[in-house]
Amino acid sequence: MASASSAAALSGRGARNLLQFLRLVGQLKRVPRTGWVYRNVQKPESVSDHMYRMAVMALVTKDEHLNKDRCVRLALVHDMAECIVGDIAPADNIPKEEKHRREEEAMKQLTQLLPEDLRKELYELWEEYETQSSAEARYVKQLDQCEMILQASEYEDLENKPGRLQDFYDSTTGKFSHPEIVQLVSELEEERNANIAAAASKPSS
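The numbers attached to residues start from 1 for each chain and follow its sequence in the written order. Only residues with pLDDT of 70 or above have their local features reported here, since the model is predicted, and side-chain atom pairs are shown and tallied only from 80 upward, although totals for entire chains, interfaces and linings are computed over all residues. Each side-chain value is worked out from all heavy atoms of the structure, with water and hydrogens disregarded.

In the annotation of an unreviewed UniProt entry, the entry for the protein reads 5'-deoxynucleotidase HDDC2, and the organism field reads Sus scrofa. In UniProt, the protein has this text filed under Catalytic activity (unreviewed entry): "a 2'-deoxyribonucleoside 5'-phosphate + H2O = a 2'-deoxyribonucleoside + phosphate". On record in UniProt, under Function (unreviewed entry), the comment for the protein is "Catalyzes the dephosphorylation of the nucleoside 5'-monophosphates deoxyadenosine monophosphate (dAMP), deoxycytidine monophosphate (dCMP), deoxyguanosine monophosphate (dGMP) and deoxythymidine monophosphate (dTMP)." UniProt positions are given in the numbering used here, feature names are shortened, and annotations may be inferred rather than shown by experiment.

This is how it looks when you write it as structure tokens:
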């Protein structure tokens, strides 16, 4: 049986590790989304901004066939490794295998700071998303793409430059299949296309 002093020491060490984990995850507030940086978007969102809205999107799904709680957890964990490796974008020309290797190492480093049950849970959630091994993971992957183009349309509105970020839309062609997301994307594109058409019809000054 552990003595009271050793139990207190273990507790202290656990708290220090948890604090270190939270500081690392807190870095996500200061990691800008690389795609926006490369396109010279002013004040680009952080990775945690992106994951937060994804989690909210998962929370408000009406799909009774999905485990909503698991979807929220997947959304909160899927980009967590980026607090260590940064947001690696396609334009960085890093092979997918190398990106996965770096993120896998980062997740192992991160989760080592947690008690065993939490370590296992977070790592397995990340792995589930990476391998797209469940209906929830596949749904959250579509949320990831949907949130990105929603953000792109918001940047176009803020800059008053309709259509400027078209390549982000092009990259999601054919990626959506979940009925709720398809409907949401359809509504978004209808609004965006109307804005582009309205801008094109304005006489140039």
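Continuing now.
Some details on the packing of helix 3 (residues 47–59) against helix 8 (residues 135–159)
Helix-helix packing is described using two parameters, namely the angle between the two axes and the distance between the axes. Only the stretch in contact is used when a helix axis is fitted, and all axes are lines through C-alpha atoms; the angle between N-to-C directions ranges over 0 to 180 degrees. By definition, any uninterrupted DSSP run of H or I lasting at least four residues is a helix, any uninterrupted run of E lasting at least two residues is a strand, and each is numbered from the N terminus. Where helix 3 contacts helix 8, the axes come no closer than 9 Å and their chain directions differ by 120°. As judged from the angle between their axes, helix 3 and helix 8 are oblique. Remark: the crossing between helix 3 and helix 8 carries right-handed chirality. Residues His-50, Arg-53, Met-54, Met-57 and Ala-58 of helix 3 touch helix 8, and the partners they reach there are Tyr-139, Val-140, Leu-143, Asp-144, Cys-146, Glu-147, Leu-150, Gln-151 and Glu-154. Oblique is the label for any angle not under 35 degrees, not over 145, and not in the 65 to 115 range, which are roughly parallel, roughly antiparallel and roughly perpendicular in turn. Two helices that cross are described as forming a left-handed crossing if the nearer one is turned anticlockwise from the farther one by less than a right angle, and a right-handed crossing if clockwise. Any two residues having at least one pair of non-hydrogen atoms within 4.5 Å are treated as being in contact.

Some remarks on helix 4 (residues 68–77)
Note on exposure labels: buried denotes an accessible area under 20% of the residue type's maximum, exposed denotes more than 50%, and partly exposed covers the range between, all computed with a 1.4 Å probe on protein chains only. Where helix 4 is concerned, the buried positions are Cys-71, Val-72, Leu-74, Ala-75 and Val-77. For the purposes of these results, a polar contact is taken to be a pair of N or O atoms within 3.5 Å, where, inside protein, one atom must be able to donate a hydrogen and its partner to accept one; residues adjacent in sequence count only when each atom of the pair is a side-chain atom. Between the side-chain oxygen of the N-cap and the backbone nitrogen of Asp-69 there are 3.2 Å, and the N-cap of helix 4 in question is Asn-67.

Overview of the packing of aromatic side chains
Paired rings are identified among Phe, Tyr and Trp, the last through its six-membered ring, by centres lying within 6.5 Å, and are further divided according to the angle between planes into stacked (under 30 degrees), edge-to-face (over 60) and tilted (the rest). Applying the stated criterion across every chain, the model contains three aromatic pairs. Measuring from centroid to centroid gives 5.1 Å for Trp-36 and Tyr-155, while their planes differ by 75°, and the two rings are edge-to-face. Of this pair, Trp-36 sits in helix 2 (residues 34–38) while Tyr-155 sits in helix 8; the two residues are 119 residues apart in sequence, bridging distant segments of the chain. Side by side, Trp-36 and Tyr-155 carry an identical accessibility label, which is buried. With a centroid separation of 5.7 Å and an interplanar angle of 45°, the aromatic rings of Tyr-123 and Trp-126 are classed as tilted. Of the two residues, Tyr-123 and Trp-126 both sit in helix 7 (residues 116–131), three residues apart, roughly one turn of that helix. Taking relative accessible area as the criterion, Tyr-123 reaches 16% and is therefore assigned buried. An aromatic cluster of at least three residues, connected via ring pairs, comprises Trp-36, Tyr-155 and Phe-168.

Quick word on the pattern of salt bridges
Salt bridge criterion: a side-chain nitrogen from Lys or Arg within 4 Å of a carboxyl oxygen from Asp or Glu. Here the structure, examined in full by the defined rule, presents 13 salt bridges. Put simply, Glu-45 and Arg-33 hold a salt bridge, and the shortest N to O gap is 3.3 Å. Residue Glu-45 is located in the loop between helix 2 and helix 3, and its partner Arg-33 is located in the loop between helix 1 (4–26) and helix 2; the two are separated by twelve residues in the primary sequence. Beyond isolated ion pairs, a larger network of salt bridges with shared partners links Arg-53, Glu-147 and Glu-154.

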